[in-house]
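Notes for the structure review
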Amino acid sequence: MPKLKTNRGAAKRFKRAGSGKWRRHHANANHILTKKAAKRKRRLATDAVVADSDQRSLDRLMPYQ
């Protein structure tokens, strides 16, 4: 059986947490940070846990992560 390909778009956006669940980085935290409130930047700095219903589809997109 051939090797499965990793979806490169998903690989750049998601990482697996230590618990085995997928985590996603927040958008809007890279530039033009001076006008954003400190509270907003703190919230954007943390990763969001992907919903349980989407975990299986991410496992298919990234079979080796």
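From a predicted model like this one, the values you see are computed outputs, not experimental measurements.

About the criteria used
Residues numbered from 1 in each chain as written. Predicted model: local features only at pLDDT ≥ 70, side-chain atom pairs only at ≥ 80, totals over all residues. Heavy atoms only, no water. Helix = DSSP H or I, 4+ residues; strand = E, 2+ residues; numbered from the N terminus. Buried < 20%, exposed > 50% of the residue type's maximum accessible area, 1.4 Å probe, protein only. Lys, Arg positive; Asp, Glu negative; His and termini not counted. Salt bridge = Lys/Arg side-chain N within 4 Å of Asp/Glu carboxyl O. Polar contact = N/O pair within 3.5 Å; in protein donor to acceptor, adjacent residues only side chain to side chain. Contact = heavy atoms within 4.5 Å. Core = buried A, V, L, I, M, F, W, Y, C linked by side-chain atoms within 4.5 Å. Pairing = 2+ DSSP bridges. Axes fitted to C-alpha atoms, helices over the stretch in contact; angles between N-to-C directions.

Considering the side chain of Lys 36
- Mapping Lys 36 onto the fold places it in the loop between strand E2 (22–24) and helix H2 (38–45).
- Despite its burial, Lys 36 pairs with no opposite charge, the nearest such side chain being Asp 47 at 15 Å.
- A polar contact of 3.4 Å, which involves the side chain of Lys 36, links it to the backbone oxygen of His 31.
- Beyond its immediate sequence surroundings of up to four residues, Lys 36 is in contact with Asn 28, His 31 and Lys 41.

Focus on the nonpolar core
- With six residues, the main nonpolar core is built from Ala 10, Phe 14, Trp 22, Val 50, Leu 58 and Met 62.
- Once residues lying within four places of it in the same chain are set aside, the contact partners of Trp 22 are Phe 14, Lys 15, Arg 16, Ala 48, Val 49, Val 50, Gln 55, Leu 58, Asp 59, Met 62 and Gln 65.

Focus on the sheet that holds strand E3 (residues 48–49)
- Taken in spatial order, the three strands line up as E1-E2-E3 in an open sheet, and their pairing is antiparallel. Every other strand in the sheet has two partners, leaving strand E1 (14–16) and E3 as the edge strands with one partner each.
- Bridge analysis of E1 against E2 gives three bridges, and the strand direction is antiparallel. Directly across from Lys 15, in E2, lies its bridge partner Arg 23.
- Across the face of the sheet, helix H3 (residues 52–61) comes into contact with E1, E2 and E3 while running at roughly 95° to E2.

Interpretation note: all reported values are geometric properties and have no functional meaning in isolation.
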